[in-house]
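Now for the letters of each chain:
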Amino acid sequence: MSDNYQKPNEEHSQRQFRDRPPKRIDVSVVVPLYNEEQSLMPLSLGIRDALDRMNVTYEVIFVDDGSTDNSIKVLREIHRKNRRYKFISFRRNYGKSAALSVGFQHAVGRIIVTMDGDLQDDPNEIPRLIDKLEAGYDLVNGWKKKRHDPISKTIPSKLFNYTTSVMIGIKLRDFNSGLKAYRREVVQDIKVYGEMHRFLPVFAHWAGYKVAEIPVVHHPRKYGKTKFGANRFWHGLLDLLTVIFTTRYSKRPLHFFGIIGLLSFLLGLAIDLELTVEWFLGKTAISNRPLFTAGVLLIIVGVQFVSIGLLGEMITRTNKVEEYVIKEKVFN
Ligand code: UDP
Ligand code: MG
């Protein structure tokens, strides 16, 4: 009997302990890393120097994305010296997006700063990013104005940034920069996967957050090597298509597919009607006009696109997840 009374109490106190809000922290620095053993120690010292000058409380969360070198040993060492430095280590390599997502989930700071773990981003820029954020923005992007990377990387990157800017309608020069500062609420619900981290400013913009960009210093890679090859450009372009579709059209897929479908259908119809009229007037037989096949093809493709759009609409309707970002709620 007494046991029965004891139990709920115990549970209650345990729950209270678990639900206790974490200690208030101003800034969480999230660092995704994959095989960066030589950079981690100097980086952690750099972050400390930059943030100590700011008079804020902070934590640094390293997310080891399945490194196969000694990164985890270095992280243990850094944590042993200073408990502010925490780390999470994946069992295998999941990619930078996964590392950032998990970092965001664990970060408790009011402001979240991300930076690469390879010493290419400069910790001394953190105060400037935060100042800009405090001036009234929700996301501040670090633009690597003078970039220290090979030309094989900088030119495709320029093209990518330009295309994304035009397609999405947000003026940024460096979407994929590792150095960014966010207000907590911006990232707390965003889950990025694959290589979608390139589009974090796009997701924020589409959710209605204010995004700004400031130029930042960038350094050449000192240790280790880059993890992204030449295929990054093509991955980026394909991902851009996904992003445009999922941000703009996920709730109205027929508008996306329907326009393409209708245009194709009408063009095909016009071509074939014209050929029919010509045949009617006795000019030529339809069978020896190659254009006829093109017309038929356009009609069929058009019908297909409209049908895909309608299927999309049905899926959207069954999928009842609400994804609206609420700014404030007064509800009592
Ligand atoms: N990174 C990661 N997981 C990966 C690839 C990269 O966490 O699968 C990290 C990497 O260690 C670095 C950051 O992401 O901290 C940016 O990578 P990298 O420096 O190779 O990219 P680049 O500067 O060449 O664009
Ligand atoms: Mg780098």
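Let me begin by describing the structure that accompanies this report.

1. Digging into the overall build of the chain
- Within the chain, the secondary structure is distributed over eleven helices and seven strands.
- Against the 2.2 N^0.38 benchmark of 20 Å for 332 residues, the chain shows a C-alpha radius of gyration of 26 Å, more extended than a compact globule.
- Taking the principal axes of its C-alpha atoms as reference, the chain extends roughly 90 × 70 × 40 Å.

2. Some thoughts on the pattern of salt bridges
- Scanning the entire structure with this criterion turns up 18 salt bridges.
- Between Asp118 and Arg221 there is a salt bridge, and its shortest N-O distance comes to 3.2 Å. With a gap of 103 residues between them, Asp118 in the loop between strand E4 (111-114) and helix H5 (126-134) and Arg221 in the loop between strand E7 (211-216) and helix H9 (232-249) connect regions that are remote in the sequence.
- Residues Arg198 and Asp239 are paired through a salt bridge, measuring 4.0 Å at the closest nitrogen-oxygen approach. Of this pair, Arg198 sits in the loop between helix H7 (184-188) and helix H8 (200-206) while Asp239 sits in helix H9, placing them 41 residues apart in sequence. No difference in accessibility class separates Arg198 from Asp239, as the two residues are buried.

3. Points about the sheet that holds strand E1 (residues 27-33)
- Read from one edge of the open sheet, seven strands run E3-E2-E1-E4-E6-E5-E7, paired in mixed fashion. In this open sheet, the two edge strands, each paired with only one partner strand, are strand E3 (85-89) and E7. Each strand of the sheet is rotated relative to its neighbour by a mean of 20°, with strand direction disregarded.
- Set on the sheet, helix H2 (residues 37-52) makes contact with E1, strand E2 (58-64) and E3; between it and E2 the angle comes to about 160°.
- Sheet strands in contact with helix H3 (residues 71-81) are E1, E2 and E3, and its direction is about 150° off that of E3.

4. Digging into the coordination of the magnesium ion (ligand 2)
- Taken together, the protein donors to the magnesium ion (ligand 2) comprise Asp118 (OD) and Gln120 (OE1), at separations of 1.9 to 2.0 Å. Here the two residues Asp118 and Gln120 agree in accessibility, since each one is buried.

Conventions we followed
Residues numbered from 1 in each chain as written. Chains lettered and ligands numbered in written order. Predicted model: local features only at pLDDT ≥ 70, side-chain atom pairs only at ≥ 80, totals over all residues. Heavy atoms only, no water. Helix = DSSP H or I, 4+ residues; strand = E, 2+ residues; numbered from the N terminus. Rg over C-alpha atoms; globule rule 2.2 N^0.38 Å. Salt bridge = Lys/Arg side-chain N within 4 Å of Asp/Glu carboxyl O. Buried < 20%, exposed > 50% of the residue type's maximum accessible area, 1.4 Å probe, protein only. Pairing = 2+ DSSP bridges. Axes fitted to C-alpha atoms, helices over the stretch in contact; angles between N-to-C directions. Contact = heavy atoms within 4.5 Å. Donors = N, O, S within 2.8 Å, 3.2 Å for Na, K, Ca; no water.

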